[in-house]
Amino acid sequence: MAEQGTRGPAEPGKRMAGRTRRAVLFGGIGVLGAAALVGREEIGRAWWLLPGVRKPRKEGELDHAGASWTAASPANWRMADRPDDYRIDRIVVHVTQGSFASSVDAFKNPFHKASAHYIVRQDGHVEQMVRELDVAFHSGNRSMNERSVGIEHEGFVDRPQDFTDALYAASARLAADVCRRYGIPVDRTHFLGHSEVPGADHTDPGPHWDWDRYLGLVRAGLTATAAPAAPAAASPGPG
């Protein structure tokens, strides 16, 4: 007989029932905690969607240090406060189907009704035309526009020679910078061609865009930035 004040061995059924109740209890607490976390995130996003709530910004401020600034027409993009109101988790790759200069002019034209955050020229120059904070009208899909950064590349889809080494290298540095800021994985789920956006009627970047080469350069850019600097060699002492 068990000593008074102590418990004897529980019956298997009772032990299992107790364990199951505890699992349900703690599992429920975990679900509630996760729901609370999601709830806080959604409340935070809702706050930034309120009229009049805006982050401080400066005209012409750059998000990518290697770029120059030309403002797209306000008719071709929508003011936002990303990533606080809309999560940024995609990069959409475009090809201009025209010259760099004509693309800049198009994005400045209020009747064009389209823009991108960046245009990369064949010589590697990068022009920013919409802040990453804001929603550029680049993919033809509202939801994709809200969650992505659009990068245009000077050239034509049927001319592989337009995709120069300098263009690939500059775009990869830019994309690596974007991925670093927003934690975007470098893979074909998170990097899309314009033609792959749901509902798109465009064909860019086309069959000559080298995705393996491009993503390899983006990964190399991320690795190079993440690698710690080598310690400086000690200078020899006197004598």
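Just so it is clear, the model here is predicted, and its values are computed rather than measured. (Residues numbered from 1 in each chain as written. Predicted model: local features only at pLDDT ≥ 70, side-chain atom pairs only at ≥ 80, totals over all residues. Heavy atoms only, no water.)

As for the overall build of the chain
Put simply, the rule is: Only DSSP runs of H or I covering at least 4 residues are called helices, and only runs of E covering at least 2 are called strands; the numbering of each starts at the N terminus. We call two residues in contact when some of their heavy atoms are within 4.5 Å. Residue-level accessible areas treat just the shown protein chains as cover; the underlying method is Shrake-Rupley with a 1.4 Å probe.
Counting its secondary structure elements, the chain contains five helices and eight strands. Contacts in the chain between residues far apart in sequence, at least 24 positions, make up 75% of those at least 6 positions apart. Accessible surface for the chain amounts to roughly 13,600 Å². Of this, 59% is attributable to carbon and sulfur atoms.

What about the pattern of salt bridges?
Heads up, the rule is: Salt-bridge detection follows one rule: a side-chain nitrogen of Lys or Arg within 4 Å of a carboxyl oxygen of Asp or Glu. The classification of residues rests on relative accessible area computed with a 1.4 Å probe and restricted to protein chains. Under 20% of the type maximum is buried, over 50% is exposed, and intermediate values are partly exposed.
Per the stated rule, a full pass over the model turns up 15 salt bridges. With its nearest N and O atoms 3.5 Å apart, the salt bridge here joins Arg 90 to Asp 89. The pair Arg 90 / Asp 89 is uniform in exposure class, with both members buried. Overlapping salt bridges, with partners in common, bring together Glu 132, Asp 177, Arg 180 and Arg 181 in one network.

What to know about the layout of surface pockets
Under the convention used in this document: Put simply, the grid is 1 Å and covers the protein atoms alone, a cavity is a trapped set of points that fit a 1.4 Å probe, a pocket is an open set with protein on both sides within 12 Å along at least five of seven lines, and lining residues have an atom within 4 Å of a point. Grid points are joined across faces, edges and corners, and a volume is the space filled by probe spheres set on the points. Amino acid classes used here: Ala, Val, Leu, Ile, Met, Phe, Trp, Tyr, Cys and Pro are nonpolar; Asp, Glu, Lys and Arg are charged; the rest, including Gly, are polar.
One number sums up the size of the largest pocket: a volume of about 370 Å³. Per element, the largest residue contribution to the lining of the largest pocket is three residues, and it comes from helix α2 (residues 100-108). When its residues are assigned to classes, the lining of the largest pocket shows six nonpolar, 13 polar and three charged. Space inside the second largest pocket adds up to approximately 180 Å³. Residue classes in the lining of the second largest pocket are distributed as eight nonpolar, one polar and five charged.

Quick look at the pairing of strand β7 (residues 148-153)
Applied cut-off: Strand pairing is assigned whenever DSSP detects at least two bridges linking the two strands.
Here β7 lies mainly inside the structure; six of its six residues are buried. The alternating pattern of β7 places Ser 148, Gly 150 and Glu 152 and Val 149, Ile 151 and His 153 on opposite faces, both of which are buried. By the bridge criterion, four bridges tie strand β3 (residues 90-93) to β7 in an arrangement that is parallel. Paired with Val 93 across the bridge in β7 is Ile 151. As paired strands, strand β4 (residues 118-120) and β7 are joined by three bridges and run parallel to one another. Residue pairing across strands places Val 120 opposite His 153, the latter belonging to β7.

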